[in-house]
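# Descriptive structure summary
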Amino acid sequence: MGQPLSWLSSVLLGQRGHLFPWAPVCLATGIGIFFALRIEPPVSLLWVCGSLGLLAVLQHRAGPVWGPLLAALALASLGFALAGARAHRVAGPVLDFRYYGAIEGRVIQIDRSASDALRLTLDRVVLERMDPDDVPTRVRVSLHGTQGYLDPKPGQVVILTGHLSSPGGAVEPGGFDFRRHAWFLRLGAVGYTRTPVLLLEPASEGLRVARLRLWLSARVQAALPGERGAFAAAIMTGDRSGMGQDTLQALRDSNLAHLLAISGLHMGLLAGFVFAALRLGLLLHPHVRHHWPVKKLAAGGALLAAAGYLALSGGNVATERAFMMVAAALCAMMLDRRALSLRSVAIAALVVLVMRPEALLGPGFQMSFAATTALVAVFERLSIWQRDHDLPRWIAPVLSVVVSSAVAGAATAPVGMAHFNQIAQYGLLANLVAVPVMGIWVVPLAVLAALLMPFGLDWIALKVMALGLGWILGVAHTVAGWDGAVGHIVAPAPVVLPLIAAGGLFLCLWRGRGRLAGLAPLALAVVLWAGTERPPVLIADSGTLVGLMTPTGRALSRDRGSGFVAEVWLENDGQGYSQPQAAALWPDPVTDRTARADLEGLHILHLQGKRAAARVSSCQRGQIVVSSVDIDLPGGCEIFDPARLRESGSVAVWLDDGTPRIVTNRDLSGTRLWHGGAPEDFRLAWRAQ
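Let me sum up the structure you'll find in this document. (Residues numbered from 1 in each chain as written. Predicted model: local features only at pLDDT ≥ 70, side-chain atom pairs only at ≥ 80, totals over all residues. Heavy atoms only, no water.)

Strand order in the open sheet made by the five strands is β11-β10-β9-β16-β17, with antiparallel pairing throughout. Each edge of the sheet is formed by a strand with only one pairing partner; in this case those strands are β11 (553-556) and β17 (659-664). Between one strand and the next, the sheet's axes are offset by a mean angle of 25°, whatever the strand orientation. Of the pairings in the sheet, the one linking strand β10 (residues 546-550) to β11 comprises four bridges and is antiparallel in character. Within the sheet, the bridge partner assigned to M549 lies in β11 and is R554. (Pairing = 2+ DSSP bridges. Helix = DSSP H or I, 4+ residues; strand = E, 2+ residues; numbered from the N terminus. Axes fitted to C-alpha atoms, helices over the stretch in contact; angles between N-to-C directions.)

See below:
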C-alpha cells in the first residue's frame, strides 16, 4: 500500500502548479455521467452531489496527494448536480399529441431550417382550446407556402395556423437525441405552417439587442447584396438567415464553415485590432504616453468591444467561450499577468459548463475547446522552441499560420467526423489561403464599418471588405468542387469520442514524458472506430422508413419522404448516397406501397399507408412487419406500427447467428426528464429557495 501511495505522491507533486486546467475536465466528467444515465436520478441525489462539491474548499487541508484527488471528486460531484439542476430548471410542458390550429406567440428568434425554410421561434405561446398550463414554453415553426404578408422581427406578436408535434427523438438508437436538445432550448413543440403569418402586435420594448442585430444585418446586406453581404452579416452579427444553402455547403465541404461562427478567431481578431488601435492612438499623445497606463486602458477598451460583440452576436457557446478567453487574457494584461495560457482556457470552460452544462454534448463546445486547448498547448511549446532557435523574423508569422491551421484542424477533425460523418480532404489548404485574409482584411474592415456607421459612411468599408469576402467564398467553392473534396466517415460508437478527448487532454495538459500515456486511449479509439459495425436493419420511429444493410450499402424502402431520417442514416453509415440511390438498392421491387425483403433468413415487410396495410390479413412467426399506420395482425410476427413506436422510438435489429435482437431507442436513452419525466418536486424546492 505504501509503495503505490509513494508513487502517486511523486506523480502529483510533479504536476503541482499545473493542475488547475484539469478542473473543467473533472466538472465535465460529472456532467457526462449525468447525461449517460438511463434512469433519471432522484432529486435527493442531486442535493447530495451538490453538497459534496463543497468539499473542494477542503483540498488544501488534505495535503498534496489527497487534496487534488478530493478536489477532483468534489468537482465531478458538482458537475453531476449542476447538470441535474439545469435539466430541472429549464423544464416546461411538452406537447404530447399532434396539434393543428391557431398559434400565437412572440418572435424571439429567426433562422433557417436545413431545407432553407424561414423558421420562427416563439415564446408567450397561446394555443387554441388548450389549458395555459399545458402550453409549451416555446415552439418553433417553419414557414412554407405563400408568405410575404409580414417581415418577421424579434418582439413582434404573430398569429398563424399550423401543425405542431412533440420534438422527435433519435432517428436511430443511440443517435443524436433531438428531444434532449429541444428540452434545453425550452422547445416544447416543433412544426410548420402553410398559411401566411400575420402581425397581431408590433414589437414591444423588449428584445432590443435582437432587433438591433437584425437591423444591422439588414443594413449590411443592403450595402452588399448577394452572398457577400449575407457572409458579412453572419460575421458581424451572427445572423446566417441570408446565407444560401449552396454557399453553406461549400463552406462545410472546404472546412471553412468555422469562419461563419463568431468564435475565437473573430473575437480574438476584433479584440486584438481594437487593442492595437487604442494603444497606438494613446501613444501618439506625449503626456498620455508617459503618464497613463496605456496598455491597461487599451485592454479595457478591447474588453468593452468584445462584450458588445458578444451581446450583438446572440451569445452561442463558441462566442461565450471566445469572450471568456479574450476577457481572461485582457484582464491578465490589466493585472500584469501572463495573457495566454491553459488557465484562461480552463476558466472559460468552467464558466460555460456552469452556465450551460448541456453544452458539453454539442459539437460547438467540443470543437471550440479542442482547438483552443491544442493551440495554446502547442504554441507554449513552440515559443520555447523558437526562443532556443535563432529564426529569421519572416518565418514566425508564416509558421504561426501553418501550425495554427494544422493543429486546429487535427484537434477538431475527430469531433467533426464523429458528429457530421465527413471530413474535408483539402481543409488545411483552404484554411491556409482563407484565414489570413479573414484576419488581415475582413475583420479590421468590419470594425471600421461599425465605427463609420453612425456617420453613414460604413458602405465604404463594406465595399472594400467585400473583396476579401469574395476571395474566401471563391476559395470555398473552388475547393469544394475538387474531386474527393469530401470523405464520408462511419459514425463511431459512443465511447470513442470520450476516449479521444481523454487522450488529447492528457497530451495537452500533463507535464513531462508521462503525457505520452495519452496515446493509449487515442490508439484504442482508432481501433474501436475502425471496427464499428452498423445495424443490419433500421426502423424510423414513425414507421415510414426501413433501412437494410446490403453488401453495396444501406437500402431504403422509399425513394422519397422521411428525408431527414434517410439522410442521417446514410451519413452515419459513411455513405455518400442520396435517398433515391439508396432506394434503388432495395432487394425486391416496391409494389403497391409495400416493400418486401429477406436478410439472412429474416423476412421484413414494410407497409406504407392504409391501403397497403388493409391488403395484409395475417403474418408469420419470426417475420418483422413495419407499418406507417396502426395495425393488428394475427400470426405472432413482430409488429412495429406508430402505436408501438411511440413508446419504443426508433428501432435497430441486429442479427446474432441469424437470430434477431431488437434494440430500441428507449432501451438506450432510458426514461429521462426529456422523455416524459415530471420535475414538479424539484421546481417546488427551487422556488422555496
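The next subject is the state of the cysteines. What the rule picks out here adds up to one disulfide. Put simply, C619 and C637 are joined by a disulfide, and their sulfur atoms are 1.9 Å apart. Because the sign of the S-S torsion sets the handedness, a value of about -80° for the bond joining C619 and C637 places this disulfide among the left-handed ones. Here C619 is found in the loop between α22 (610-614) and β14 (624-627), whereas its partner C637 is found in the loop between β14 and β15 (638-640), with 18 residues between them in sequence. We note that C619, like C637, is buried. Counting only cysteine sulfurs, C49 is the nearest neighbor of C26, a cysteine outside any disulfide, at a range of 15 Å. (Disulfide = S-S within 2.5 Å. Buried < 20%, exposed > 50% of the residue type's maximum accessible area, 1.4 Å probe, protein only.)

It is worth spelling out the sheet that holds strand β12 (residues 594-599) at this point. Reading across from one edge, β12-β13-β14-β15 is the order of the four strands in this open sheet, with mixed pairing throughout. The open sheet has two edge strands, β12 and β15, and neither has a second partner. Here the average twist between neighbouring strands, direction ignored, is 15°.

Turning our eyes to something else, we now look at a negative patch on the surface. A grouping of D96, D131, D133 and D134 is seen on the molecular surface, where their side chains present a negatively charged patch. With respect to the helices and strands, D133 occurs in the loop between β2 (118-127) and β3 (138-143). (Patch = residues over 30% accessible without salt bridge, like charges linked within 9 Å, V, L, I, M, F, W, Y side chains within 5 Å. Areas by Shrake-Rupley, 256 points an atom, 1.4 Å probe, with all protein chains shown as cover. Salt bridge = Lys/Arg side-chain N within 4 Å of Asp/Glu carboxyl O. Lys, Arg positive; Asp, Glu negative; His and termini not counted. Charge placed at Lys NZ, Arg CZ, Asp CG, Glu CD.)

Another aspect to go through is the environment of D667. Relative to the elements of secondary structure, D667 occurs in helix α24 (residues 665-669). What makes D667 partly exposed here is its relative accessible area of 40%. Between the C-alpha atom of D667 and that of S648, which follows or precedes it by 19 residues, the distance is 7.7 Å. Non-local contacts of D667, meaning those with residues more than four positions away in its chain, are made with R38 and I662. Of note is the side chain of D667, whose polar atom sits 3.0 Å from the backbone nitrogen of T664. (Contact = heavy atoms within 4.5 Å. Polar contact = N/O pair within 3.5 Å; in protein donor to acceptor, adjacent residues only side chain to side chain.)

Here the focus is the pattern of salt bridges. Opposite charge on two side chains makes pairing possible when the charged atoms of those side chains draw close. Summed over the entire model, instances satisfying the criterion amount to 12 salt bridges. In this structure, the salt-bridge partner of E40 is R672, at a minimum N-O distance of 2.7 Å. Of this pair, E40 sits in the loop between α2 (23-36) and α3 (43-52) while R672 is found in the loop between α24 and α25 (680-687), placing the two residues 632 residues apart along the sequence. Considered together, E40 and R672 belong to a single accessibility category, that of buried residues. One salt bridge connects R554 with D573, and the closest N-O pair in it is separated by 2.8 Å. Taken as a pair, R554 in strand β11 and D573 in the loop between α20 (563-572) and α21 (579-583) lie far apart in primary sequence, 19 residues in all. In terms of burial, R554 and D573 fall into one category: buried. Each of E172, R534, R554 and D573 takes part in one network of salt bridges that share partners.

A cluster of nonpolar side chains, contributed by Y426, L429, V433, W471 and W482, occupies part of the molecular surface with about 460 Å² of accessible area. Considering the arrangement of structural elements, one finds Y426 in the loop between β7 (422-424) and α16 (427-452).

A few words now on the side chain of E40. Of the polar contacts made by the side chain of E40, one reaches the side chain of R672; its length is 2.7 Å. Dropping the residues within four chain positions of it, E40 is found in contact with F34, H88, T671, R672 and L673.

With a phi close to 50°, R124 is a non-glycine residue in the positive phi region. Within the fold, R124 resides in strand β2.

Here the structure, examined in full by the defined rule, presents 10 aromatic pairs. On the basis of an interplanar angle of 50° and a centroid distance of 5.8 Å, the ring pair of F184 and W674 is categorised as tilted. Linking F184 in helix α5 (residues 178-184) with W674 in the loop between α24 and α25, this pair joins segments that are 490 residues apart in sequence. With a centroid separation of 4.6 Å and an interplanar angle of 45°, the aromatic rings of F365 and F369 are classed as tilted. Residue F365 and its partner F369 are located together in helix α14 (residues 363-388), separated by four residues, close to a single helical turn. As far as the burial class goes, F365 and F369 line up, both buried. Put simply, the rings of F34, F35, F80, F184 and W674 pair up and form one aromatic cluster. The residue whose ring lies beneath R672 is F34, and the NZ or CZ to ring-centre distance is 4.6 Å. (Phe/Tyr/Trp six-rings, centres within 6.5 Å; stacked < 30°, edge-to-face > 60°. Lys NZ or Arg CZ within 6 Å of the ring centre and 35° of its normal.)

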